[in-house]
Amino acid sequence: METVEVNSKNVNKIRCYDPAIEDLRSKDEGLETESSVEQSKVEDLVHEEYRRFKSNLTLLGNEDTQAASLIVNYGIMCSVEYQEKGDLQYKVWFIASNIFRPKEFTVLNRDFHVAFLKKGLRHLGESYECLDASQPWLCYWILHSLELLDEPLADDQISDVAQFLKKCQQPDGGFGGGPYQYAHLAPTEALLSFLWRMRTAEGAFKMHDGGEVDIRGAYCAASVARLTNIITKDLFDGTLEWIVSCQTYEGGFAGCPGMEAHGGYSFCGIAALTLLGHAKLCNIESLLRWTVNRQMSYEGGFQGRTNKLVDGCYSFWQGGAFPLIHMVLSMEDDQSLSAERWMFNQEALQEYILICCQHQGGGLIDKPGKQRDYYHTCYCISGLSVAQHFAGGKLSHVYVVGKSSNEIKPTHPVFNIGIEAVVHANIFAKMCKLIEKFNGIPNSPSF
Ligand SMILES: [Zn+2]
C-alpha cells in the first residue's frame, strides 16, 4: 500500500505557528521605560490571541478530519493520522508547532460584521453620543465597510441614508463625508465657494469655520474638488508647497509644519499630493522608509507614530500609503520595484486583523481588549482590502490569508471608497457641469 503524505498543498503558512515569531518581540535591552512596558503588555495580549487561535485547532481539526486522537497543547504537540482512500493510504500530519495549518481556520466573520454594521444604520448606543457631530462620518464608516464586504443595501435603506445625508447639508454648500452625497444635485458653485472660505492665504485649508488648519483639510478639499470636478489652479495655489512643508525629518507627514509624523496625516499628505498631480514633490524614499518601519514585527499590524502601540485603524492609514508610494516609484521606472506585491508584509497584516482585531460579536477593534466601534471596523476592513489586493486590471494580484471567502472588494487607493462609486461620482459631476452650462452658470476652469 502506497503512503502519500499530505503536504502544504492544502495548508497555508501562518506566522504565529512559527516558534521563531517569539524572537520578534521587542527588547528593551535592560532599560525599562513606560512605553516599553506598554509595548510588552500589548505583545502579551497578542500572544494570548495567537494561543487561543492555535488551541482552536484541536476542535476544528477533529471536526474536519475525524482524527480520533488529535491533541494540541498550546501548539507544541504533534500527531499523525492515517486515512484511506481507494488503494492509497494518506498520512496526515498535524504538526501544531510547525508553521503549517489548514487554511480554512483563518476566517473573516463576515456575517457578524454585516449584522453589527446594519444595526448601526438604525440605532447607535449611548457610547456614540460623543460622535454627535460626526454622523455623516458614521454613515461613511458603515456604508464603506458594507460595500467592501459586498453586502448590498435594500432600496429603502439607501433612500433613508440619502434623506439623512440631505439633512446634513448646509445651505452654504458645506457638507460632511459620504460617497453618494452629491446625488442630490447639490449645486457645485455653492460647494466651491465653501472651499474658498475654508482656504487660508498660504493655500492650506481649515476643517470648518474657525476650525484648525491641518493636512486633513487639504486632503478633504482636494478629494471633494476632484470627485465633483471643481478643482481649479487658484483654489489650490500654494497648497502643494504647504503639504510638502508638513513632511518631517522622519519621512512621514505631520498635521502641520513642525509637528510629529503620524500615519493618518501621512496618508492625507501623499493622497492630497497625488490628487493634485504632484506626488513626486515630497521625499518619497524617506516616506517609504518611515512607513515600512511602522509595521510591527511581532503583531503584524501598524503603529501610527514612532514608538507607539499597534492599532487596527492604521492598517489603512499606513497600509493605504503603499499603493500611492508604489505608484510614484513606478513612474520613475525603477526596475527593482515589484510588479506583484506592495512593500509591506501583506500576510502579516491580514493575520493581525483576522486573529487579533475581530470582535466575537461582529465589528473590528484597535487591539485585543479594546471595544469595537464603526471607525475601527471601517479602517480595519479597508486595510484588509489593501493587504489582499495588489494593483488593479491586468496587474492585479490577490493574496488572501485563510479561507478564499475571506476575500473582500478592492478599495480606491486615493479616496478609500469603492472603485465603482468613484466612477459614478465622476459621471455625476460631469452631468452637473452640463446642467450648469445649460442653465447659464459659468463653468469653473479645470487643471
Ligand atoms: Zn485606532
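Residues numbered from 1 in each chain as written. Predicted model: local features only at pLDDT ≥ 70, side-chain atom pairs only at ≥ 80, totals over all residues.

Novice: Break down the nonpolar core for me, with residues and values.
Specialist: Of all hydrophobic cores here, the largest spans 94 residues; its most connected members are Ala-218, Ala-222, Ile-270, Ala-271 and Ala-272. Taken together, domain 1 (2–104) and domain 2 (110–429) each give at least three residues to this core, which thus spans both. Residues within four places of Ala-222 in sequence aside, it is in contact with Phe-236, Ala-272, Leu-275 and Leu-276. (Core = buried A, V, L, I, M, F, W, Y, C linked by C-beta atoms within 7 Å. Buried ≥ 20, exposed ≤ 12 C-beta atoms within 10 Å, placed from the backbone. Domains from an automatic or database assignment. Contact = placed C-beta atoms within 7 Å.)

Novice: Report on unusual backbone geometry, specifying residues and quantitative values.
Specialist: Within the chain, Asn-307 stands out as a residue other than glycine whose phi angle is a positive 70 degrees. A count of 10 C-beta atoms within 10 Å places Asn-307 in the exposed class. In this structure, Asn-416 is a non-glycine residue whose phi angle is positive, near 50 degrees. Within the secondary structure, Asn-416 sits in the loop between β7 (397–398) and α14 (419–439). (Helix = DSSP H or I, 4+ residues; strand = E, 2+ residues; numbered from the N terminus.)

Novice: Lay out the packing of helix α3 (residues 135–148) against helix α13 (residues 374–388) with the relevant residues and their values.
Specialist: Two numbers describe how α3 lies on α13: the axes approach to 9 Å, and their chain directions differ by 35 degrees. α3 and α13 meet at a crossing whose hand is left-handed. Here Leu-138, Trp-141, Ile-142, His-144, Ser-145 and Leu-148 of α3 lie close against α13, whose contacting residues are Tyr-374, Tyr-375, Thr-377, Cys-378, Ile-381, Ser-382 and Ser-385. Considered class by class, the residues forming the contact of α3 with α13 number 8 nonpolar, 5 polar and no charged. (Axes fitted to C-alpha atoms, helices over the stretch in contact; angles between N-to-C directions. Left-handed = near helix turned anticlockwise from the far one by under 90°. Nonpolar A, V, L, I, M, F, W, Y, C, P; charged D, E, K, R; others polar.)

Novice: Lay out helix α2 (residues 110–122) with the relevant residues and their values.
Specialist: Side chains three or four residues apart in an α-helix point the same way, a direct result of the helix having 3.6 residues per turn. The terminal C-alpha atoms of α2 lie 19 Å apart, and with 13 residues this matches the ideal 18 Å at 1.5 Å per residue to within 8%. Residues His-113, Phe-116, Leu-117 and Gly-120 constitute the buried set of α2. The buried side chains of α2 occupy one side of the element, clustering within an arc of 95 degrees when seen end-on. Seen from the open side of α2, the exposed residues pointing more than 90 degrees away from its buried face are Asp-111 and Arg-122. If you follow the buried residues of α2, they end up packed against α3 and α13. (Expected span 1.5 Å × (residues − 1). Arc of directions from axis to C-beta.)

Novice: Would you mind going over the environment of Leu-287 in detail, with residue names and values included?
Specialist: Here Leu-287 lies in helix α9 (residues 284–292). For Leu-287 and Gly-252, which are 35 residues apart along the polypeptide, the C-alpha to C-alpha distance reads 5.1 Å. In contact with Leu-287, not counting residues within four places along its chain, are Gln-247, Gly-251, Gly-252, Ser-266, Ile-270, Cys-282 and Ile-325.

Novice: A description of the confidence of the model for the chain should follow, citing residues and the corresponding values.
Specialist: Detailed reading of predicted coordinates is not advised where the pLDDT is low. Mean pLDDT over the chain: 81, with 76% of residues reaching 70 or higher. Here strand β1 (residues 2–5) is the element of the chain with the lowest mean pLDDT, 34, and helix α10 (residues 314–317) is the one with the highest, 98. The low-confidence segment residues 1–12 (pLDDT under 50) makes 22 contacts with residues lying over four places distant or belonging to another chain. Low pLDDT, under 50, characterises residues 58–79; the predicted model gives this stretch 38 contacts beyond four residues in sequence or across chains. (pLDDT = per-residue confidence, 0-100.)

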